[in-house]
Amino acid sequence: MALVKAFTQFVEPPSSPVTDVAQGAAPGARPPKLETVQMGFFYGLNQALRDVSLKINERAVTALIGPSGCGKSTYLRSLNRMNDIIEGTRVSGKVMLDGEDIYAKDVDVVSLRKRIGMVFQKSTPFPKSIFDNVAFGPRIAGLTDKAKLTEIVEQSLQRAALWNEAKDRLRDSAMALSGGQQQRLCIARALATSPEVLLMDEPASALDPASTSRIEDLIFELKQNYTIVIVTHNMQQAARISEVTAFFCMGRLVEVGQTKQLFTNPIQKETEDYITGRFG
Amino acid sequence: MNLHDDFYERKLVLRHRLGQAFEWLCRLTTWLSMGLLAVLLLGIGRQAWGWLTFGFLTRGNSYIAEEAGIVAGLCGSLWLIGLTAIMAVPLGVGAAVYLEEYARPTRLTKLIQLNISNLAGVPSIVYGILGFTVFVRMFGLRDRPEKFVCSLGFVEFSFELPLGRVVVSGAATLTLLSLPVIIIAAQEALRAVPASLRHASLALGATKWQTVRHQVLPAALPGILTGVILALSRALGETAPLLVLGAAAQLSVVPGRIAGITDALTHPGKLVQAPFDQFTAIPLQIYSWVSDSSRGFEHVSAAGIVVLLVVLVLMNGTAIFIRQRFQKKIRW
Amino acid sequence: MASAGPARREQSTPSLRRTFSWQRTREQFIQGGLFCCALLSIVTTLSIIYVLVTEAIVSLPPDTSFFQEIGLVEFFSETRWTPQYAEEQRHYGILPLLCGTLLITGISGLIGLPAGLMIAIYLSEYATPRTRSLCKPMLELLAGIPTIVYGYFALKVLTPFFIVPVFKHTFGLSVGGFNALAGGIVVGIMIIPMVASLSEDVLRAVPNSLREAGYALGSTKFDVSAKIVVPSALSGILASFLLALSRSIGETMAVAIASTGQPALTLNPLDAIQTMTIFIVNVMQGEVVAGSTLEKSLYAVALVLFIITLGMNMVSQMVLARYREVYQ
């Protein structure tokens, strides 16, 4: 576990702030839920992200778009320190949750990840029952009260819009669910630990259009209560569901702004090229 | 819906403690087993110290601990392993080539494959019983063994039918025992050869056998050799099947009564006769010494074990050398 | 594919039609030969079965098989196994041998299975690549040590320096130079590398995405290892346990050296015992009269041993095969 912590205090020297563009959030609004300040990310000697400064608003959907390999997934994964698992990675700059540096030495990663949940591209149900999947997070957190667990499972499944389909088969294996259901199960599982932020790494890219639209509806519902950051390849999806969109390219944050504005009137040429399909 | 936060914090400390304790337990178990290996080797080495002399390597067996030697077992084991290799390697590699290169996934192929994995798990003592019945007794075809004399022109040798407790019976038993292991290892080595190599060769108009013979086998050779040597070194340490065959543990003469290299060169007939002679093997001698509770034999058996382990280390070392040497050369 | 011979040169227009060629014949000959090599494994199994069955269950008329002389009921219900005694005192009940085997297997399982699994978890979940690359060859080394060496270790080191001081001198229990505990312990050590490497393969086959999903839910490393990875790999782990136990059952030399005693219905690990394998080895060391009931009893015991180990192997192979399919 003690992989990268030693480097986390290291702050990069300020470089030319290409990314220092106007933030999408209206000035004077609530402080951002999550914020990265001149964040850099290294795989060994390879720098995958440089100088990313981004504010993520509370109870809103922030979409990260950009061509493959641009670093948007890496960025997402470093928001709840999932990259700690990969050996030889380190982060520079600051990542703040409610103004607190999550890469500070005394931060407990386990607690952090409980507050920042994550849903992956491929659905990853554990080979257990539906109930046990959703109850996993609360259980490892130390909850043993049966009634309370049942309540949490029901609420989570309801919020993930899976309750009606799953309520009669809670004891069945989660592997028996369809792809779209599995993904909603993973969302329910993430909600069961009552996180504040939900990170989604292309959650619908492996699903058929019908399931995709259900997931999108779900995200729309969830943003009432959760801060959501979503990586997507699908620009229409980003346009449909997000308030703020950030465009990544070659490990840099090129542009960030209100979704509508970014798609209709991008400031940077690179952004325009990408969203009009000239490259990427 | 929120999980009790106060409660959570307290539990979290415990969870981290538990996790650390578990990791240390796992780590401890791992290093303890490795440590056990060291204890085992050091303990045996200490017992053998001073007893492992040149004389021990060149003397025949004896009932007096100070005069016991291992030459009969050493030569017996070398004969056994040599003959086993001659029989098992072509058969094993052939079977692997058939299964990997020729066989279509029919029911028979699946049966053979399943059968091979199951044979690998059959206790060695059962192979001993098989060898005893089939090779030593030959199903009791004759009540008394019949002697045959065979001439090869310049030398002649004799053998009996049923074969009796001779080197070839032992080698044949060990062959059956090590075949599944060799086949499985060779299959893995063949599977590691990329299909593109086969396709390239076939596209040049080579026949299947030409492709296997000139492309696939050479590419898989290091892997096959490693597997073969490992299987043979396992066979070398096998005691139970030889014991069941009824090989004479106390024997103090070398198969064929070959006195040395010059003797073998001047009397080539002895070399041909040796496979049909009685034998003992290193592990058999060790067993008879371990079972002997008279004074001094615990040292003799320890010295025997050291000899056995040295032979094994030499074989395994060769395998590792081959693996290192050739793996670097061929990179896909 | 390329089985059709190359077009013959002497024809003015090369034809692609199959014609007789030595090369094709040779190819088929080779394929046939290789097929025979593969078939040998089936022949081996069949001959094991033939040999055991003809001596134990059915024989050609002039001879009688073991079970024709001794009924199945006596074989499985009689509590004495004394085929080497004088004629009138002979009893053929396999229970004492099964009991001895069970005792050895139980002790070895208690030691080898948890230790092997822990090593597997350590190597697959915790160890750095460097530690792994150091430990794997050591495990192979441990696995490559002949069983007779373990027997020596049990008899000359474990019993006199550990078991006797602890149980006899400290607790005042009666322990002899031969006891089931020493044999069981070394067999347990012997199966550690097998359990460890098989289970490690199984654990590593669990996809990383499951581990990541676990971490994302706020799991500690222990939660991920013990509550996600191990349960996900459970069927494979159990299969590897089964394979290892079948090896314990068939283990001969270590037990024969360290634990040999009279066949007895006992579960006291400090007693000397006799297992199926010890019986076979002990009898075969002396001269056995061909055709005697004693000789046939060997085959009957070997048949029981073969059936038990084969059954366990087949079950675990099947489970492992299915497990690999799940995570492919």
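The structure presented is a predicted model; accordingly, all values stated were derived computationally and were not measured.

Basis of the calculations
- Residues numbered from 1 in each chain as written.
- Chains lettered and ligands numbered in written order.
- Predicted model: local features only at pLDDT ≥ 70, side-chain atom pairs only at ≥ 80, totals over all residues.
- Heavy atoms only, no water.
- Buried < 20%, exposed > 50% of the residue type's maximum accessible area, 1.4 Å probe, protein only.
- Helix = DSSP H or I, 4+ residues; strand = E, 2+ residues; numbered from the N terminus.
- Pairing = 2+ DSSP bridges.
- Domains from an automatic or database assignment.
- Contact = heavy atoms within 4.5 Å.
- Buried area = accessible area lost by both parts, 1.4 Å probe.
- Salt bridge = Lys/Arg side-chain N within 4 Å of Asp/Glu carboxyl O.
- Polar contact = N/O pair within 3.5 Å; in protein donor to acceptor, adjacent residues only side chain to side chain.
- Nonpolar A, V, L, I, M, F, W, Y, C, P; charged D, E, K, R; others polar.
- Axes fitted to C-alpha atoms, helices over the stretch in contact; angles between N-to-C directions.
- Parallel < 35°, antiparallel > 145°, perpendicular 65-115°, else oblique.
- Left-handed = near helix turned anticlockwise from the far one by under 90°.
- pLDDT = per-residue confidence, 0-100.

Participant: Talk me through the pairing of strand 4 (residues 89-97) of chain A; I want residue IDs and the actual numbers.
Facilitator: Residues and elements named next belong to chain A. Summarising burial for strand 4: 7 of the 9 residues are buried, a large majority. Where strand 1 (residues 34-43) lies against strand 4, 8 bridges are found, and the strand directions are antiparallel. Looking at strand 4, one finds that Tyr43 is bridged to Thr89. Bridge count for strand 4 against strand 5 (residues 100-101) is 2 bridges, and the pairing is antiparallel. If you follow Leu97 over to strand 5, its bridge partner there is Glu100. Here strand 4 hands over to strand 5 after 2 residues, with Asp98 in that stretch at a positive phi of 50°.

Participant: Residue-level account of the domain arrangement of chain C, with values.
Facilitator: Interface size is commonly expressed as the accessible area that is lost once the parts come together. Residue and element names in this part refer to chain C. Entries for chain C in the domain assignment read domain 1 (4-56) and domain 2 (72-323). Distance between the C-alpha centres of domain 1 and domain 2: 41 Å. Every contact between the two is made by 6 residues of domain 1 and, on the other side, 7 residues of domain 2. Interface area for domain 1 against domain 2, summed over the two sides, is near 620 Å², with a carbon-plus-sulfur share of 87%. Together, Leu52, Glu55 and Ala56 form the three largest contributors to the area buried by domain 1 at its contact with domain 2, with a combined 71%. Counting the contacts that link domain 1 with domain 2 gives 0 salt bridges. In this structure, the connection of domain 1 to domain 2 is made through 0 residue pairs in polar contact (both at pLDDT 80 or more). Each residue belonging to the side of domain 1 that touches domain 2 can be placed in one class, and the counts come to 5 nonpolar, no polar and 1 charged.

Participant: Any details on the sheet that holds strand 5 of chain A? Residues and values, ideally.
Facilitator: Residue and element names in this part refer to chain A. Pairing in this open sheet of 4 strands is antiparallel, and the strands run 2-1-4-5 from one edge to the other. Either end of the sheet is taken by a strand with one partner, and the two such strands are strand 2 (46-56) and strand 5. The sheet strands contacting helix 1 (residues 72-79) are strand 1, strand 2 and strand 4, and the helix crosses strand 1 at an angle near 115°.

Participant: Tell me about the packing of helix 6 (residues 179-192) of chain A against helix 7 (residues 209-222) of chain A, residues and numbers included.
Facilitator: Residue and element names in this part refer to chain A. As a packed pair, helix 6 and helix 7 sit with axes 9 Å apart at the nearest point and diverge in direction by 20°. On the basis of the axis angle, helix 6 is roughly parallel to helix 7. The two elements helix 6 and helix 7 meet at a crossing, and its hand is right-handed. Residues Gly180, Gln183, Arg184, Ile187 and Leu191 of helix 6 pack against Ser211, Arg214, Ile215, Leu218 and Leu222 of helix 7.

Participant: Outline the pattern of salt bridges, supporting the account with residue identities and numerical values.
Facilitator: Residues and elements named next belong to chain A. Counted according to the given criterion, the structure contains 27 salt bridges over all chains. A salt bridge links Glu196 to Lys33, with the shortest nitrogen-to-oxygen separation between them at 2.9 Å. Of the two residues, Glu196 is situated in the loop between helix 6 and strand 7 (197-201) and Lys33 in the segment before strand 1; the sequence distance between them amounts to 163 residues. Among the ionic contacts, a cluster of salt bridges with common partners joins Lys33, Asp98, Arg115 and Glu196.

Participant: Explain the interface of chain B and chain C residue by residue, including any values.
Facilitator: If you look at the interface, chain B gives 75 residues, while chain C gives 77 residues. A buried area of about 7000 Å², summed over both sides, lies between chain B and chain C, and 76% of it is on carbon and sulfur atoms. In this assembly, chain B and chain C are joined by 2 salt bridges. Measuring nitrogen to oxygen at the nearest pair gives 2.4 Å for the salt bridge that ties Arg137(B) to Glu295(C).

Participant: Now, about unusual backbone geometry: what can you tell me, with residues and values included?
Facilitator: Put simply, Leu161(B) and Pro162(B) share a cis peptide bond, and its omega is -10°. In this fold, Pro162(B) is placed in the loop between strand 2 (156-161) and helix 6 (167-191). At Asp51(A), a position not held by glycine, the phi torsion is positive, near 55°. On the secondary structure map, Asp51(A) appears in strand 2. The exposure class assigned to Asp51(A) is buried, which follows from its relative accessible area of 7%. For Met250(A), which is not glycine, the phi dihedral falls at a positive 50°. When you line up the elements, Met250(A) lands in the loop between strand 9 (244-249) and strand 10 (252-258).

Participant: Any details on the side chain of Thr74(A)? Residues and values, ideally.
Facilitator: All names here are of chain A. Structurally, the position occupied by Thr74 is in helix 1. Overall, the relative accessible area of 11% leaves Thr74 in the buried class. Residue contacts for Thr74: discarding those within four places in its chain leaves Phe41, Tyr43, Leu49 and Asn83.

Participant: Provide a residue-level description of the confidence of the model for chain A, including the pertinent values.
Facilitator: Confidence in the prediction of chain A, expressed as mean pLDDT, is 86, and 89% of residues score 70 or more. Confidence drops under pLDDT 50 across residues 1-28 of chain A; counting only partners more than four residues distant or on other chains, this segment forms 47 contacts.

Participant: Would you mind going over the interface of chain A and chain B in detail, with residue names and values included?
Facilitator: Taken together, the contact pairs 16 residues of chain A with 11 residues of chain B. Contact between chain A and chain B buries roughly 1300 Å² in total, counting both sides, with carbon and sulfur atoms accounting for 59%. Joining chain A to chain B, the criterion identifies 0 salt bridges. Taken together, the links from chain A to chain B amount to 2 residue pairs in polar contact (both at pLDDT 80 or more). Elements with a minimum of two residues in the side of chain A that touches chain B: helix 2 (109-115), helix 3 (130-140) and helix 4 (146-159) of chain A. With 4 residues, helix 4 of chain A is the single largest residue contributor to the side of chain A that touches chain B. In terms of residue class, the side of chain A that touches chain B is made up of 7 nonpolar, 6 polar and 3 charged.

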